[in-house]
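Structural features, examined
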Amino acid sequence: MARPAEDGAGDPADDRAPLGRTSTAERVAGILRTRVAEGRFPPGTRLSEDGIGVSRNTLREAFRLLTHERLLVHELNRGVFVRVLDAGDVADIHRTRGLVECAVVRGLGRPPFAPDGLAAAVEEGEDAARAGDWNGVSTADIHFHRALVALAGSARTDEPMRGVLAELRLALHLVDDPRALHEPFPARNREILGALRAGERGTAERLLARYLDDSRAGVEDACARAARARDRASGPGRIRTVSTVVRVRT
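In this report, we go over the structure that sits alongside the text. (Residues numbered from 1 in each chain as written. Predicted model: local features only at pLDDT ≥ 70, side-chain atom pairs only at ≥ 80, totals over all residues. Heavy atoms only, no water.)

A closer look at the environment of Leu-148
What counts, and what does not: To qualify as a helix, a DSSP run of H or I must reach at least 4 residues; to qualify as a strand, a run of E must reach at least 2; elements of each kind are numbered from the N terminus. Burial here depends on accessible area, computed with a 1.4 Å probe over protein chains only, as a share of the maximum for the residue type. Under 20% is buried, over 50% is exposed, and the range in between is partly exposed. Residues are treated as being in contact if the distance between any of their heavy atoms lies within 4.5 Å.
Mapped onto the elements, Leu-148 comes out in helix α5 (residues 134-150). We classify Leu-148 as buried; its relative accessible area is 0%. Taking the C-alpha atoms as reference points, Leu-148 and Glu-101, 47 residues apart in sequence, are found 7.2 Å from one another. Those residues in contact with Leu-148, other than ones at most four positions away along the chain, are Glu-101, Val-104, Val-105, Leu-118, Ile-192 and Leu-208.

A closer look at the side chain of Glu-101
Going by this rule: The term polar contact refers here to a pair of N or O atoms within 3.5 Å; inside protein, the definition further demands a hydrogen-donor-capable atom paired with an acceptor-capable atom, and it admits residues adjacent in sequence only when both atoms are side-chain atoms.
Its place among the elements puts Glu-101 in helix α3 (residues 87-106). Judged by its relative accessible area of 0%, Glu-101 falls in the buried class. A polar contact of 2.7 Å, which involves the side chain of Glu-101, links it to the side chain of His-145. Contacts of Glu-101, omitting those with residues within four sequence positions, involve His-145, Leu-148, Val-149, Met-161, Leu-208 and Leu-212.

Points about the packing of helix α4 (residues 116-130) against helix α8 (residues 185-197)
Heads up, the rule is: A fitted line through C-alpha atoms represents every axis, and for helices the fit uses only the stretch in contact; the resulting angles, taken between N-to-C directions, go from 0 to 180 degrees. Any angle that falls under 35 degrees is termed roughly parallel, while one over 145 is termed roughly antiparallel, one within 65 to 115 roughly perpendicular, and all others oblique. The sense of a crossing depends on the near helix, which, turned anticlockwise from the far helix by less than a right angle, makes the crossing left-handed and, turned clockwise, makes it right-handed. Throughout, the ten residues Ala, Val, Leu, Ile, Met, Phe, Trp, Tyr, Cys and Pro are labelled nonpolar, Asp, Glu, Lys and Arg are labelled charged, and all others, Gly among them, are labelled polar.
Running from N to C, α4 and α8 cross one another at 155°; their axes reach a closest spacing of 9 Å. Our classification of the angle between α4 and α8 gives roughly antiparallel. Like other packed secondary-structure pairs, α4 and α8 cross with a definite hand, here left-handed. Counting all contacts with α4, which are made through Leu-118, Ala-119, Val-122, Glu-123, Gly-125 and Glu-126, the residues of α8 involved are Pro-186, Asn-189, Arg-190, Leu-193, Leu-196 and Arg-197. Per-class residue counts for the contact of α4 with α8 are 6 nonpolar, 2 polar and 4 charged.

Description of the pattern of salt bridges
The test is simple: Salt bridges are defined by distance alone: a side-chain nitrogen of Lys or Arg within 4 Å of a carboxyl oxygen of Asp or Glu.
Applying the stated criterion to the full structure yields 16 salt bridges. Here Arg-70 ties to Glu-167 by a salt bridge, and the two come within 3.1 Å at their closest N and O atoms. You can see Arg-70 sitting in the loop between α2 (56-68) and β2 (72-75) and its partner Glu-167 sitting in helix α6 (residues 155-172), a full 97 residues away along the chain. Measuring nitrogen to oxygen at the nearest pair gives 3.2 Å for the salt bridge that ties Glu-167 to Arg-83. Of this pair, Glu-167 sits in helix α6 while Arg-83 is found in the loop between β3 (79-82) and α3, placing the two residues 84 residues apart along the sequence.

A closer look at the pairing of β3
Within a regular strand, the side chains alternate between the two sheet faces. Quick note on the threshold: When DSSP finds at least two bridges between two strands, those strands are taken to pair.
As defined by bridge partners, β2 adjoins β3 across 4 bridges and the pair is classed as antiparallel. In the sheet register, Glu-75 faces β3, and the bridge partner there is Gly-79. Between the end of β2 and the start of β3, which pair antiparallel, lie 3 residues, with Asn-77 showing a positive phi angle near 65°.

Digging into unusual backbone geometry
Between Pro-111 and the following residue, Pro-112, the backbone shows a cis peptide bond with an omega angle of 5°. Note on placement: Pro-112 falls in the loop between α3 and α4. Look at Arg-70: it is not a glycine, yet its phi comes out positive at around 70°. Despite not being glycine, Asn-77 has its phi angle at roughly 65°, a positive value. Along the chain, Asn-77 falls in the loop between β2 and β3. What makes Asn-77 exposed here is its relative accessible area of 76%.

Regarding the side chain of Glu-220
The residue Glu-220 is located in helix α9 (residues 201-234) in this model. On the basis of relative accessibility, which here comes to 19%, the residue Glu-220 falls in the buried class. Look past the residues within four positions of Glu-220 in its chain and what remains in contact with it is Ala-87, Val-90 and Ala-91.

Regarding the packing of α5 against α8
The relative placement of two packed helices is expressed as an angle between their axes plus a distance between the axes. Interhelical geometry of α5 versus α8 gives an angle of 20° and a closest axis separation of 10 Å. Put simply, α5 runs roughly parallel to α8. Between α5 and α8 lies a crossing of left-handed hand. In this structure, α5 uses Val-137, Asp-141, Phe-144, His-145 and Leu-148 to contact α8, whose residues at the interface are Phe-185, Pro-186, Asn-189, Ile-192 and Leu-193.

Some thoughts on α4
At 3.6 residues per turn, the α-helix brings residues three or four places apart onto the same side. Quick reminder of the rule: An expected span of 1.5 Å times one less than the residue number is assigned to each helix.
Helix length check: α4 (15 residues) gives 21 Å between terminal C-alpha atoms against 21 Å at 1.5 Å per residue, within 8%. Among the residues of α4, Leu-118, Ala-119, Ala-121, Val-122, Gly-125, Glu-126 and Ala-128 are the ones counted as buried. The inward-facing, buried residues of α4 abut α5 and α8. Trailing α4 by a residue or two, Gly-132 shows a phi angle of about 70°, which is positive.

Given below as structure tokens:
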């Protein structure tokens, strides 16, 4: 006589479809996350579900994942949009960065450290600045601070900070004078790198804290100016949006 199935047990084949869809959705979410971070889908953009190469269910699951990461927002009867951050979001992002990044520097232990990723990001930023590529300087700055967090050697730290820094990029895309904001970053990051190379964690932490304060103030001001410009163009509280079709292949 056949044995009855144990409670909660079932045919593993029954799980293959949702598992496969989830895996694909995570890959699609990764593609969309990169596109949002790069500014290919600017804040306020409405994302269509008419994707090419993936099913609507997979695309919706990817949207759900990125909504959970606060990169997208779902508006009832309107659709899914790339989030538009305000000054409060920027302050919270920088508060989180201060808690994590300064703690990483404080907890590095005894030198020598492993600053290769930091050095590469500094050189990337300096090269972009010489070329007048201020978006490239911003990208290099993000790379520097991701590399700094990675010094902790903890995936539990890396993963959430990846999302925090992706959120920050949403605010940076609203900056109306990117040179004024980003031009000091390479030199300030090189100062932090120099302190770490010298084994001076306290100095590096102080430099980092001042950098984060100045970055927060600059991005908050940019967000406030962008909000005033939106109010003039579309009326208070309204965001002018454009739609785009999401085309991805996995």
